[in-house]
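A structural walkthrough
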Amino acid sequence: MKGFWGTRTASAVATALMLSACAGSAIRPVSDTPVKIGQPYQVRGVTYVPEVDRDYDMLGYASWYGRESGNRTSNGEQFHVAWITAAHRTLPLPTYAEVTALDTGKRIIVRINDRGPFGPSRRIIDLSRGAADELGITRQGEAPVRVRRVDPPEKDRNRLRRGKPARDLSPVSERVLRNLRAQLARGSR
């Protein structure tokens, strides 16, 4: 009998240790501090100068990335493909931005925690797979978007820091979308 209880106790201890190891590797919320602006940097011969731009509001294109899951982002966080995050060349890390799909008017809030997109491209932002899914542009290689820096309420920030989407935003009206599409078309000539 003693051997049975000793084995059972050892098994229980081993199970407890395995569970505690799993709990230690659980995804934890990330922080908004410190905010990193960073020094100018070069990628493929192009110099990028990070800066605070409280009025950032641009039209361009978005793509998405997702094979890098588990890698470190530019601000040192672990990249999670399903989280609602993005990469931007120059905005401080982290920054929150509202991204609007110009094809549909759908809007989401993303947490920018990485650098990119790089190279000659009309892309102004790269979205995580989770953000692209949330915006409805996963099937497109590139999608026309508006990217606007925002200061969301703490409740939305907290959800995004835990890997969850922020609250749903109402879509942009068709009249506003037509105007934004026209501006993008004029800017790409």
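Residues numbered from 1 in each chain as written. Predicted model: local features only at pLDDT ≥ 70, side-chain atom pairs only at ≥ 80, totals over all residues. Heavy atoms only, no water.

What the protein contains, in helices and strands, is four helices and eight strands. Secondary structure elements of the protein occur, N-terminal to C-terminal, as α-β-β-β-β-β-β-β-α-β-α-α. Pairs at least 24 apart in sequence give 73% of the contacts found in the protein among residues at least 6 apart. Summing over all exposed atoms, the protein offers an accessible surface of approximately 10,900 Å²; the carbon and sulfur share of this is 53%. (Helix = DSSP H or I, 4+ residues; strand = E, 2+ residues; numbered from the N terminus. Contact = heavy atoms within 4.5 Å. Areas by Shrake-Rupley, 256 points an atom, 1.4 Å probe, with all protein chains shown as cover.)

The next subject is the nonpolar core. Counting 28 residues, the largest nonpolar core has Val-99, Val-110, Ile-125 and Leu-127 as the members making the most contacts within it. Listed by contribution, the elements that provide at least two residues to this core are strand 5 (95-101), strand 6 (107-114), strand 7 (123-128), helix 2 (129-135) and strand 8 (143-149). In this structure Ile-125 touches Tyr-61, Ala-62, Ser-63, Ala-86, Ala-87, Val-99, Val-110, Ile-112, Pro-117, Val-145 and Val-147, once residues within four positions along its chain are discounted. With six residues, the next largest nonpolar core counts Tyr-61, Leu-102, Val-172 and Leu-180 among its residues. (Core = buried A, V, L, I, M, F, W, Y, C linked by side-chain atoms within 4.5 Å. Buried < 20%, exposed > 50% of the residue type's maximum accessible area, 1.4 Å probe, protein only.)

Together, Val-35, Ile-37 and Val-52 make up an exposed nonpolar region whose accessible area comes to about 230 Å². Its place among the elements puts Ile-37 in the loop between helix 1 (2-24) and strand 1 (41-43). (Patch = residues over 30% accessible without salt bridge, like charges linked within 9 Å, V, L, I, M, F, W, Y side chains within 5 Å. Salt bridge = Lys/Arg side-chain N within 4 Å of Asp/Glu carboxyl O.)

Moving on, we get to the packing of aromatic side chains. Tallied over the full model, the rule gives four aromatic pairs. Between Tyr-41 and Phe-118 the ring centres are 6.0 Å apart and the planes differ by 90°, which places this aromatic pair in the edge-to-face class. Taken together, the residues span a long stretch of sequence, with Tyr-41 in strand 1 and Phe-118 in the loop between strand 6 and strand 7 at a distance of 77 residues. For the ring pair Tyr-65 and Phe-79, a centre distance of 4.9 Å and an interplane angle of 10° mean the geometry is stacked. On the criterion of sequence distance, the pair formed by Tyr-65 in strand 3 (residues 57-65) and Phe-79 in the loop between strand 3 and strand 4 (85-87) is long-range, its members being 14 residues apart. Taking relative accessible area as the criterion, Tyr-65 reaches 13% and is therefore assigned buried. For Phe-79, a relative accessible area of 3% gives the class buried. Joined through ring pairs, the aromatic side chains of Tyr-41, Tyr-48 and Phe-118 make up one cluster. Note that Arg-122 overlies the ring of Tyr-61, its terminal NZ or CZ placed 3.9 Å from the centroid. (Phe/Tyr/Trp six-rings, centres within 6.5 Å; stacked < 30°, edge-to-face > 60°. Lys NZ or Arg CZ within 6 Å of the ring centre and 35° of its normal.)

Note on strand geometry: in a regular strand, side chains alternate between the two faces of the sheet. Of all seven residues that make up strand 5, seven are buried, and the element is covered over most of its length. By the alternation rule, side chains of strand 5 split into Thr-95, Ala-97, Val-99 and Ala-101 and Tyr-96, Glu-98 and Thr-100, which are all buried. The turn joining strand 5 and strand 6, which pair antiparallel and follow one another in sequence, is formed by five residues; a positive phi near 85° is taken by Gly-105. Pairing between strand 5 and strand 8: five bridges, direction antiparallel. By the bridge assignment for strand 8, Thr-100 is matched with Arg-146. (Pairing = 2+ DSSP bridges.)

Within strand 7, six of the six residues are buried, which leaves it mostly tucked inside the rest of the structure. Summarising the sheet, strand 3 and strand 7 pair through five bridges and their orientation is parallel. Its bridge partner being in strand 7, Trp-64 is matched across the sheet by Leu-127. Pairing of strand 4 with strand 7 involves two bridges; the strand directions are antiparallel. Counted as the bridge partner of Ala-87 is Asp-126 from strand 7.

In space, the six strands of this closed barrel follow the order 3-7-4-6-5-8, with mixed pairing throughout. If you compare each strand with its neighbour and ignore which way they point, the axes differ by 45° on average. Helix 4 (residues 174-187) rests against strand 3, strand 5 and strand 8 of the sheet, and its axis sits at about 85° to strand 3. (Axes fitted to C-alpha atoms, helices over the stretch in contact; angles between N-to-C directions.)

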